[in-house]
Amino acid sequence: GNSVTQMEGPVTLSEEAFLTINCTYTATGYPSLFWYVQYPGEGLQLLLKATKADDKGSNKGFEATYRKETTSFHLEKGSVQVSDSAVYFCALRTNTGNQFYFGTGTSLTVIP
Amino acid sequence: NAGVTQTPKFQVLKTGQSMTLQCAQDMNHNSMYWYRQDPGMGLRLIYYSASEGTTDKGEVPNGYNVSRLNKREFSLRLESAAPSQTSVYFCASSWDFNEKLFFGSGTQLSVL
């Protein structure tokens with residue numbers, strides 16, 4: 001079946017630290033991969049996406065590379081800010097049936 | 001630009017009570033969705049409406065009904081609330097079915 005597994009949280013980092021949030025997936029066919037972010041009191045919003053193997057999605061200093069060989073889509077940022085404190089969701093969309101599957105979310109807190 | 005608006009933001013019900021969660025989008029999107037988010041689990045699709053006039057079951061439809069009132073509005077009804085329906089509910093919309101999703105800020109529902 002289709003599923004997304006994210007690293008457990010919560011994650012607490014100091015400002016300017018390096019961030020990695022791991023995400024692996026199981027899917028039939030060739031899915032598209034996404035990271036959504038939920039800031040406090042708001043709905044989820046798309047952070048970045050990649051639609052095929054070896055694609056790199058990037059936005060606001062965040063990056064993730066679609067690795068088909070390791071079925072992974074890890075989220076990285078070189079230097080986090082307090083304003084990056086949020087919950088991050090990894091998701092895939094199948095290319096058959098066209099359905100989204102979300103991970104459990106990883107809460108990130110960045111302290112000054 | 002309001003985006004996706006959900007009401008109410010918080011609700012407490014007693015077992016057996018009924019209620020309707022309202023969702024409206026002002027982006028002229030064709031597709032709308034209801035998800036629930038539970039601790040330790042990813043977002044799960046309850047119902048969706050791929051286009052105005054159609055609704056379909058998602059992964060966890062039992063105990064819920066939906067109405068696509070018009071292109072803007074998509075409501076979720078709990079006819080007889082159960083404690084297992086305690087959750088955070090998110091409405092989302094997109095231009096076309098399962099393209100980039102735009103989320104509301106969520107409704108936190110507790111059923112006692």
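Higher on the page you've got the structure.
Residues numbered from 1 in each chain as written. Chains lettered and ligands numbered in written order. Predicted model: local features only at pLDDT ≥ 70, side-chain atom pairs only at ≥ 80, totals over all residues. Heavy atoms only, no water.

Engineer: Whenever I open this one, the environment of A:Thr71 confuses me. Can you help?
Structural biologist: Residues and elements named next belong to chain A. Mapping Thr-71 onto the fold places it in the loop between strand S8 (62-65) and strand S9 (75-77). Here Thr-71 falls in the partly exposed class, since its relative accessible area comes to 30%. Considered as a pair, Thr-71 and Tyr-25 are 46 residues apart in the sequence and their alpha carbons are 5.6 Å apart. Residues contacting Thr-71, with those up to four places away along its chain left out, are Cys-23, Thr-24 and Tyr-25. (Helix = DSSP H or I, 4+ residues; strand = E, 2+ residues; numbered from the N terminus. Buried < 20%, exposed > 50% of the residue type's maximum accessible area, 1.4 Å probe, protein only. Contact = heavy atoms within 4.5 Å.)

Engineer: In this structure, what is going on with the interface of chain A and chain B? I would like to understand it.
Structural biologist: On the side of chain B, 15 residues touch chain A, which itself brings 16 residues to the contact. Viewed at the interface, chain B and chain A are joined by zero salt bridges. Summed over the shared surface of chain A and chain B, the number is one residue pair in polar contact (both at pLDDT 80 or more). At the level of elements, strand S5 (32-38), strand S6 (44-50), strand S10 (86-93) and strand S11 (100-102) of chain A are the ones that each hand at least two residues to the side of chain A that touches chain B. Looking at the side of chain A that touches chain B, its residues break down into six nonpolar, eight polar and two charged. (Salt bridge = Lys/Arg side-chain N within 4 Å of Asp/Glu carboxyl O. Polar contact = N/O pair within 3.5 Å; in protein donor to acceptor, adjacent residues only side chain to side chain. Nonpolar A, V, L, I, M, F, W, Y, C, P; charged D, E, K, R; others polar.)

Engineer: Quick question: what am I supposed to make of the sheet that holds strand S7 (residues 56-59) of chain A here?
Structural biologist: Residues and elements named next belong to chain A. Taken in spatial order, the four strands of this open sheet run S3-S9-S8-S7, and their pairing is antiparallel. Edge positions in the open sheet fall to strand S3 (19-21) and S7, since each of these has one partner strand only. Across the sheet, the mean angle separating the axes of adjacent strands is 15° when strand polarity is ignored. (Pairing = 2+ DSSP bridges. Axes fitted to C-alpha atoms, helices over the stretch in contact; angles between N-to-C directions.)

Engineer: For this particular structure, what's the right way to read the sheet that holds strand S1 (residues 4-7) of chain B?
Structural biologist: Two pairing modes exist for strands in a sheet, parallel and antiparallel, and in both the strands are linked by backbone hydrogen bonds. All names here are of chain B. Reading across the sheet, the four strands line up as S1-S3-S8-S7 and stay open at both edges, with antiparallel pairing between neighbours. The open sheet has two edge strands, S1 and strand S7 (64-68), and neither has a second partner. Direction aside, the axes of adjacent strands within the sheet are offset by 15° on average. Bridge count between S7 and strand S8 (residues 74-78): five bridges; the pairing is antiparallel. Bridged to Asn-65 within S8 is Arg-77.

Engineer: Would you explain the pattern of salt bridges in this entry?
Structural biologist: Once the charged atoms of two side chains with opposite charge are near each other, the side chains can pair. Using the criterion set out here, one finds six salt bridges over all chains in the structure. Of the charged contacts, one joins A:Lys52 and A:Asp55 as a salt bridge, the two residues approaching to 3.3 Å between their closest N and O atoms. With its nearest N and O atoms 2.7 Å apart, the salt bridge here joins B:Asp38 to B:Arg44. Judged by its relative accessible area of 17%, B:Arg44 falls in the buried class.

Engineer: Would you mind going over the side chain of A:Thr94 with me for this structure?
Structural biologist: Note that A:Thr94 resides in the loop between S10 and S11. Assessed through its relative accessible area of 2%, A:Thr94 is described here as buried.

Engineer: What exactly am I supposed to notice about the state of the cysteines here?
Structural biologist: Disulfide: a covalent bond connecting the sulfur atoms of a pair of cysteines. The full count for this structure, using the stated rule, is two disulfides over all chains. With a sulfur-sulfur separation of 1.9 Å, A:Cys23 is cross-linked through a disulfide to A:Cys90. In this structure, the disulfide formed by A:Cys23 and A:Cys90 twists by about -70° around the S-S bond and is classed as left-handed. Taken together, the residues span a long stretch of sequence, with A:Cys23 in strand S4 (residues 23-26) and A:Cys90 in strand S10 at a distance of 67 residues. Residue A:Cys23 shares its accessibility class with A:Cys90, and that shared class is buried. Here B:Cys23 engages in a disulfide with B:Cys91; their sulfurs sit 1.9 Å apart. Disulfide B:Cys23-B:Cys91: the torsion about the S-S bond is -75°, which places it as left-handed. Residue B:Cys23 is found in strand S3 (residues 19-25), and its partner B:Cys91 is found in strand S9 (residues 87-94); the two are separated by 68 residues along the sequence. As far as burial versus exposure is concerned, B:Cys23 and B:Cys91 are alike and both buried. (Disulfide = S-S within 2.5 Å.)

None of the figures reported here should be taken as evidence of function without further support.
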